[in-house]
Every structure is written in structure tokens, then in C-alpha cells.
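An overview of the molecular structure
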Amino acid sequence: MGAMNILLTGFEPFGGDSVNPSWEVARALHGEVVAGGRVHACCLPTTFDGAPAALREALARHEPGVVIALGLASGRAEVSIERVAVNLIDARIPDNAGHRPQDVPVRSDGPAAYFSTLPIKAMRDALRAAGHPAGLSLSAGAFVCNQVFYELQHQLAGQGRRSGFIHVPALPQQAPLAQPVVPSMGLAAQVEAIRLAIATALQPDGTAHASLRDEGAPTA
Ligand code: PCA
């Protein structure tokens, strides 16, 4: 028996950016043992067609006990721990394959939404206690990040594994390139925050979310 595997995904750059902090953070933590779990980083393509398959493959390869998917939310100032994935794709910009699907479900056979099964409030509190800007978010958007979050929860539904999504702010070098200029957080601080988020997610008593754990949305 080795250490429990933790899958940490990030995304390739998109929307004309040359860097995506979500992948930089995941890559920086690759191979680390955090709270007894070994981190496996995986870079997902920022395409509606490619991301779900890449995620599925990573889940099969690593059989992780905990999964945290990361993405960039340019414009947000905090590490935002997402609460809910919705069964909706409505792309505001084209993905990296030039596709811009609008008003379609992630899964035509799936529930309207899934909740995160991570101990989200314990994670937020741990990050804040360590001095990181952190908060809970009620929307992961309707682009590839939300799609991956939804797919993740759908694929792991009912398995009792902890999984969810965290959006990170832009890096300082990206901030002035956005119009208007966006808030940012340095890479070292992002890495520290996500390491702490992982450690908190591995704590057996992270029960902030117990009543919602491992349920689909209350539809049907
Ligand atoms: N952010 C985008 C997709 C990839 C990423 O890092 C999003 O929020 O949907």
C-alpha cells in the first residue's frame, strides 16, 4: 500500500493568455506528499471536447481518493472554492478548439447540478487563518471549468470520494494585460494556499458539508 493518490488538475492557457496559473500551481505541487497523500498533477485541455476525456483518463490512471480541479477565474481576487457545478454550457468566448457551444447541457442525462464533496468551509477557514484571501463561490461559470467540475462530480457520484473545484486569481504578470486590470495573487502564495486546501481536504473531520456530501442535486 502506497500513499493515497490526490489528483490535482489544471488547465492549459486559453483566451489568448500565454500562462494559466491553475496549471502552474498543479505542476508545482506534482509529486509532493501532502498530509500523507501523493499529488499527481494533470493538465487538461481547455476544450469542451477534450477536457472530459482527459479527466476520465486521469481518474482511471491514478484512482485518486481526493480530486481537486483548478481553473483560472480572471477578475476574482480570492481563491474561490466552488460549491456547485451546473448542467449548463454557455460559452462566452471560444474554447481552444474554436468552439463556442451555447445553452446546452454538460450531460443530457444528468441532474441539474452537483455539489462539491470537499469540506469547503473547513478549507476556506484554513486558508483564511493562514492569511490567504479565500471565499466560497456559488458559480463556477458556464465554460470549460464548470463542465469539468460537473463531469468530475458526475463520474464520482456515489463513490464516497471527495472532489471539487477551486478557481484561482490571475497571476501578477497577467493582471495588467486584462482590460480592465484585474486583481492578482502571486504564484508562491497560490501554491501555498492550494497545498493547504489539499491538506484540509484530507482531514477526516472536515465535515462542514456533511449533509450534502455525495448527493446529486435534489432533482428527479
Ligand atoms: N478557466 C476557464 C477554463 C479554463 C480555466 O482555467 C473557466 O473558468 O471556465
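Preceding this paragraph is the structure being described.
Note that this is a predicted model, so its numbers are computed, not measured.

With that settled, consider the environment of Leu-187. Relative to the assigned elements, Leu-187 resides in helix α5 (residues 187-201). Judged by its relative accessible area of 33%, Leu-187 is partly exposed. Every residue in contact with Leu-187, bar those within four places of it in the chain, is listed here: Glu-24, Val-25 and Leu-171.

In this fold, Glu-192 is placed in helix α5. Look at Glu-192 and you get partly exposed, because its relative accessible area is 45%. Considered as a pair, Glu-192 and Pro-21 are 171 residues apart in the sequence and their alpha carbons are 13 Å apart.

This part covers the pairing of strand β3 (residues 37-44). For a regular strand, the rule is simple: side chains alternate between the two faces of the sheet. Within β3, six of the eight residues are buried, which leaves the element mostly enclosed by the surrounding structure. Relative to β3, strand β1 (residues 4-11) is paired through eight bridges, and the arrangement is parallel. Looking at the pairing, Gly-10 lines up with Cys-43 of β3. As judged from the two bridges shared by strand β2 (residues 33-34) and β3, these two strands associate in the antiparallel manner. Residue pairing across strands places Val-33 opposite Arg-38, the latter belonging to β3. Here β2 hands over to β3 after two residues, with Ala-35 in that stretch at a positive phi of 50 degrees.

Right, let's get into the packing of helix α2 (residues 51-62) against helix α4 (residues 144-156). With their axes 10 Å apart at the nearest point, α2 and α4 run at an angle of 40 degrees to one another. Here α4 runs oblique to α2, going by the angle between their axes. Relative to α4, the crossing made by α2 is right-handed. In contact with Ala-51, Pro-52, Leu-55, Arg-56 and Leu-59 of α2, α4 contributes Val-144, Gln-147, Val-148, Glu-151, Leu-152, Gln-155 and Leu-156. Of the residues contributing to the contact of α2 with α4, the split by class is eight nonpolar, two polar and two charged.

Around the ligand, the neighbouring residues are Phe-11, Phe-14, Asn-20, Thr-46, Gly-71, Leu-72, Phe-143, Val-144, Cys-145 and His-167. At a separation of 2.9 Å, an oxygen atom of the ligand approaches a polar side-chain atom of Asn-20. Within the contact set of the ligand, an oxygen atom lies 2.9 Å away from a backbone nitrogen or oxygen of Leu-72. Protein coverage of the free-state accessible area of the ligand, which is 270 Å², stands at 94%. Only β4 (66-72) and α4 provide two or more residues apiece to the shell around the ligand.

Below, the discussion takes up the packing of aromatic side chains. By the definition in use, this model includes four aromatic pairs. Seen from their ring centres, Phe-48 and Phe-143 are 5.4 Å apart, and the 85 degrees between their planes marks the pair as edge-to-face. Linking Phe-48 in the loop between β3 and α2 with Phe-143 in the loop between β8 (134-137) and α4, this pair joins segments that are 95 residues apart in sequence. Grouping residues by exposure puts Phe-48 and Phe-143 together as buried. The structure contains a cluster of three or more aromatic residues connected by ring pairs, namely Phe-14, Phe-48 and Phe-143.

Soluble globular proteins tend to bury their nonpolar side chains together. In terms of nonpolar packing, the biggest core is built from 33 residues, with Phe-11 and Val-148 touching the most fellow members. Mapped onto this core, the elements with two or more residues apiece are β1, β3, α2, β4 and α4. Tallying contributions element by element places α4 first for this core, with seven residues. Excluding residues that lie within four positions of it along the chain, Val-148 makes contacts with Phe-11, Leu-44, Ala-51, Leu-55 and Ala-69. Counting residues in hydrophobic clusters, the runner-up holds 29 residues, among them Ala-26, Val-66, Ile-120 and Ala-193.

What counts, and where the lines are drawn
Residues numbered from 1 in each chain as written. Predicted model: local features only at pLDDT ≥ 70, side-chain atom pairs only at ≥ 80, totals over all residues. Heavy atoms only, no water. Helix = DSSP H or I, 4+ residues; strand = E, 2+ residues; numbered from the N terminus. Buried < 20%, exposed > 50% of the residue type's maximum accessible area, 1.4 Å probe, protein only. Contact = heavy atoms within 4.5 Å. Pairing = 2+ DSSP bridges. Axes fitted to C-alpha atoms, helices over the stretch in contact; angles between N-to-C directions. Parallel < 35°, antiparallel > 145°, perpendicular 65-115°, else oblique. Left-handed = near helix turned anticlockwise from the far one by under 90°. Nonpolar A, V, L, I, M, F, W, Y, C, P; charged D, E, K, R; others polar. Near = heavy atom within 4 Å. Polar contact = N/O pair within 3.5 Å; in protein donor to acceptor, adjacent residues only side chain to side chain. Areas by Shrake-Rupley, 256 points an atom, 1.4 Å probe, with all protein chains shown as cover. Phe/Tyr/Trp six-rings, centres within 6.5 Å; stacked < 30°, edge-to-face > 60°. Core = buried A, V, L, I, M, F, W, Y, C linked by side-chain atoms within 4.5 Å.

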